[in-house]
Amino acid sequence: MSELDRREILDWLREKGESRLDLLWQRADTVRRERVGDVVHLRALIEVSNHCRRNCLYCGIRAGRRIQRYRMSDSEVLGCARQAARLGYGTVVLQAGEDDGLSTEVVALMVRRIKAETGLAVTLSLGERNADELAVWHKVGADRYLLKHETSDVRLYRRIRPGCELTDRLHLLRLLRELGYELGSGIMVGIPGQSWESVCDDIALFRDLDLDMVGIGPFIAHPDTPLGRNAHRLALVAEKQVPATDLLTLKVVALTRLVCPTANIPATTALATISPGSGRQSALSCGANVWMPDLTPQEYRQLYDIYPGKAGGQLTVEEQHERLLEVLEGMSRIPGAGPGSRRDSRPASAG
Ligand code: 5AD
Ligand code: SF4
């Protein structure tokens, strides 16, 4: 990103004028339509385990929090995958904390069974795992891996993810690409301590990593986490601190569409959580082209408590599906039927 581009991105991030911002939304929406079309890819999210060995300061399933833990069996996961296939979703996303109980073999079996019985694309989002198991999972059929870097600010990263280093994460992202995975990453917007410049760096990094998927959600304070309780201690002085608002999240979505024109960008649940009723539509009208309905069984969904008030958390799978179809129809967008890989994305028009 040249200095000028960077300046422009910073200016957009700080822009307050509504009519100027309308230009940004329009530009992002046009690029989205021209480069990836009107199809909205549907990915079924299955939160397979809330065990985690990490202690990220912001996260409600951190190891140090005393909560009820669960791990779904492979038959339960397969049941969700079948439901995803019935509803016409092209992908399942298996998401969990960094759970050693999800061994190489357990995950490999899940992936094999899902591929054999449903043929769906499989995305894994299981945190930092070792090179051998990542290779095995790809070999047995996992197509994509989602590993958010959360922030490109090395010091902030270290503070909010104790015991973790950004360089390890970036190294792993490159390894995943070499192994042949389609690659997803992303950030939280408005982390206490996050500066405007670092969000610029995040957007530049999305482009440098040539990501296939970029997930962008607001930071949501979880009252039972260190960062949720003590946000003020990490926060920068007001003019330097990026706010965790829907507006800023949308700006980052739109700018990401401009720098990564063919990436798959979800309208995230975190955004829908802080903008109930309009978050998904707003994201879909300023660059996003993916929706990830939550197919986790209800009893587990409430235990996957990464942040409070998760949008859609109370709705049944069918209710979420109805709502999704209604929203897409209202926006003249097409529900995706296939796997929706970036490689085979072709602009399709609702015409
Ligand atoms: N606010 C927003 N997103 C969060 N995540 C975890 N905790 C929070 C929070 N408090 C997201 C992170 C992480 C995933 C597990 O959930 O982006 O990648
Ligand atoms: Fe675990 Fe991920 Fe939460 Fe960190 S953000 S505690 S790695 S689930």
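Before any of the text, the structure's been laid out above.
In what follows, the accompanying structure is described. What you see is a predicted model; the values in this text were computed from it and never measured.

### Structural notes on the overall build of the protein
Right, on to step 1. Helix and strand content of the protein: 15 helices and 8 strands.
Right, on to step 2. Considering only C-alpha atoms, the protein reaches an extent of 50 × 50 × 40 Å along its principal axes.
Right, on to step 3. Counting every position in the protein, which comprises 351 residues, the buried fraction comes to 56%.
Right, on to step 4. At a minimum sequence separation of 6, the contacts of the protein that also span at least 24 residues come to 78%.
Right, on to step 5. Accessible area for the protein stands at about 14,500 Å²; split by element, carbon and sulfur atoms hold 51% of it.
Right, on to step 6. Of the charged side chains in the protein, 47 are positive and 46 negative, and the gap between their average positions amounts to 2 Å.

### Describing the packing of aromatic side chains
Right, on to step 1. With the rule as written, the count across this model stands at 2 aromatic pairs.
Right, on to step 2. The interplanar angle of 15° and the centroid separation of 4.6 Å between the aromatic rings of Y70 and Y300 together place this pair among those described as stacked. Within this pair, whereas Y70 is found in the loop between β1 (39–49) and α3 (74–86), its partner Y300 is found in helix α14 (residues 298–301), the two being separated by 230 residues in sequence. Residues Y70 and Y300 agree in their burial class; the two are buried.

### A few points about the nonpolar core
Considering soluble globular proteins, one finds that nonpolar side chains tend to be buried as a cluster.
Right, on to step 1. Counting residues in hydrophobic clusters, the biggest one holds 99 residues, and the most contacted among them are L13, V92, L94, L124, L126 and W137.
Right, on to step 2. If we ignore the near neighbours within four places in the chain, the residues touching L94 are I46, V48, V77, M110, I114, T123, L124, S125 and L126.

### Here's the deal with the site of ligand 2
Right, on to step 1. In the vicinity of ligand 2, the residues found are C52, R54, C56, Y58, C59, I61, R62, G97 and R161.
Right, on to step 2. Across the shell around ligand 2, the residue classes break down as 5 nonpolar, 1 polar and 3 charged.

### Side note on the environment of D294
Right, on to step 1. One can find D294 in the loop between β7 (290–291) and α14.
Right, on to step 2. Along the backbone, D294 and N264 are 30 residues apart, and their C-alpha atoms lie at a distance of 18 Å.
Right, on to step 3. Beyond its immediate stretch of four places on either side in the chain, D294 contacts L45, E47, R301, K310, V317 and Q320.

### Considering the site of ligand 1
Right, on to step 1. Around ligand 1, a shell composed of Y58, C59, K148, E150, M188, P218, F219, I220, I306 and Y307 is seen.
Right, on to step 2. Interatomic distance of 3.0 Å between a backbone N/O atom of Y58 and a nitrogen atom of ligand 1.
Right, on to step 3. In this structure, E150 approaches ligand 1 through a side-chain N or O atom, which is 2.5 Å from an oxygen atom.
Right, on to step 4. Here ligand 1, which alone exposes 390 Å², has 86% of that area covered by the protein.

### With respect to the packing of α3 against helix α4 (residues 104–118)
Right, on to step 1. Where α3 meets α4, the closest approach of the two axes is 10 Å, and the angle between their N-to-C directions is 35°. Here α3 and α4 pass one another in a crossing that is right-handed. Residue-level contacts link D74, S75, V77, L78, A81, R82 and A85 of α3 to L109, M110, R113, I114, E117 and T118 of α4.

### Some words on the pairing of strand β5 (residues 182–189)
Right, on to step 1. With 8 of 8 residues buried, β5 is to be regarded as a mostly interior element.
Right, on to step 2. Here β5 shows no split at all, with E182, G184, G186 and M188 on one side and L183, S185, I187 and V189 on the other all buried.
Right, on to step 3. Relative to β5, strand β4 (residues 144–146) is paired through 3 bridges, and the arrangement is parallel. Directly across from R144, in β5, lies its bridge partner E182.
Right, on to step 4. In terms of handedness, the path from β5 via helix α8 (residues 196–208) over to strand β6 (residues 213–218) forms a crossover that is right-handed.

### Considerations on the side chain of N50
Right, on to step 1. Structurally, N50 is set in the loop between β1 and α3.
Right, on to step 2. A polar atom in the side chain of N50 sits 3.0 Å from the backbone oxygen of Q68.
Right, on to step 3. Of note is the side chain of N50, whose polar atom sits 2.8 Å from the backbone nitrogen of Y70.
Right, on to step 4. Other than its neighbours up to four places away in sequence, N50 contacts I61, I67, Q68, R69, Y70, L303 and Y304.

### A few points about a negative patch on the surface
Right, on to step 1. A grouping of E318, E319, E322, E326 and E329 is seen on the molecular surface, where their side chains present a negatively charged patch.
Right, on to step 2. Among the residues examined, E319 registers a relative accessible area of 41% and is labelled partly exposed.

### A short note on the pairing of β1
Right, on to step 1. Along β1, 11 of the 11 residues are buried, which leaves the element largely enclosed by surrounding structure.
Right, on to step 2. Two elements, β1 and strand β8 (residues 334–335), share 2 bridges in a ladder whose sense is parallel. Its bridge partner being in β8, V39 is matched across the sheet by I334.
Right, on to step 3. In this sheet, β7 lies alongside β1 in parallel orientation, the contact comprising 2 bridges. When the bridges of β7 are listed, L42 appears paired with W291.
Right, on to step 4. As judged from the 6 bridges shared by β1 and strand β2 (residues 91–96), these two strands associate in the parallel manner. Bridge pairing links S49 to A96 in β2.
Right, on to step 5. Between the parallel elements β1 and β2, the chain passes through α3 in a crossover that is right-handed.

Procedures and definitions
Residues numbered from 1 in each chain as written. Chains lettered and ligands numbered in written order. Predicted model: local features only at pLDDT ≥ 70, side-chain atom pairs only at ≥ 80, totals over all residues. Heavy atoms only, no water. Helix = DSSP H or I, 4+ residues; strand = E, 2+ residues; numbered from the N terminus. Buried < 20%, exposed > 50% of the residue type's maximum accessible area, 1.4 Å probe, protein only. Contact = heavy atoms within 4.5 Å. Areas by Shrake-Rupley, 256 points an atom, 1.4 Å probe, with all protein chains shown as cover. Lys, Arg positive; Asp, Glu negative; His and termini not counted. Charge placed at Lys NZ, Arg CZ, Asp CG, Glu CD. Phe/Tyr/Trp six-rings, centres within 6.5 Å; stacked < 30°, edge-to-face > 60°. Core = buried A, V, L, I, M, F, W, Y, C linked by side-chain atoms within 4.5 Å. Near = heavy atom within 4 Å. Nonpolar A, V, L, I, M, F, W, Y, C, P; charged D, E, K, R; others polar. Polar contact = N/O pair within 3.5 Å; in protein donor to acceptor, adjacent residues only side chain to side chain. Axes fitted to C-alpha atoms, helices over the stretch in contact; angles between N-to-C directions. Left-handed = near helix turned anticlockwise from the far one by under 90°. Pairing = 2+ DSSP bridges. Right-handed = clockwise from strand over helix to strand, strands pointing away. Patch = residues over 30% accessible without salt bridge, like charges linked within 9 Å, V, L, I, M, F, W, Y side chains within 5 Å. Salt bridge = Lys/Arg side-chain N within 4 Å of Asp/Glu carboxyl O.

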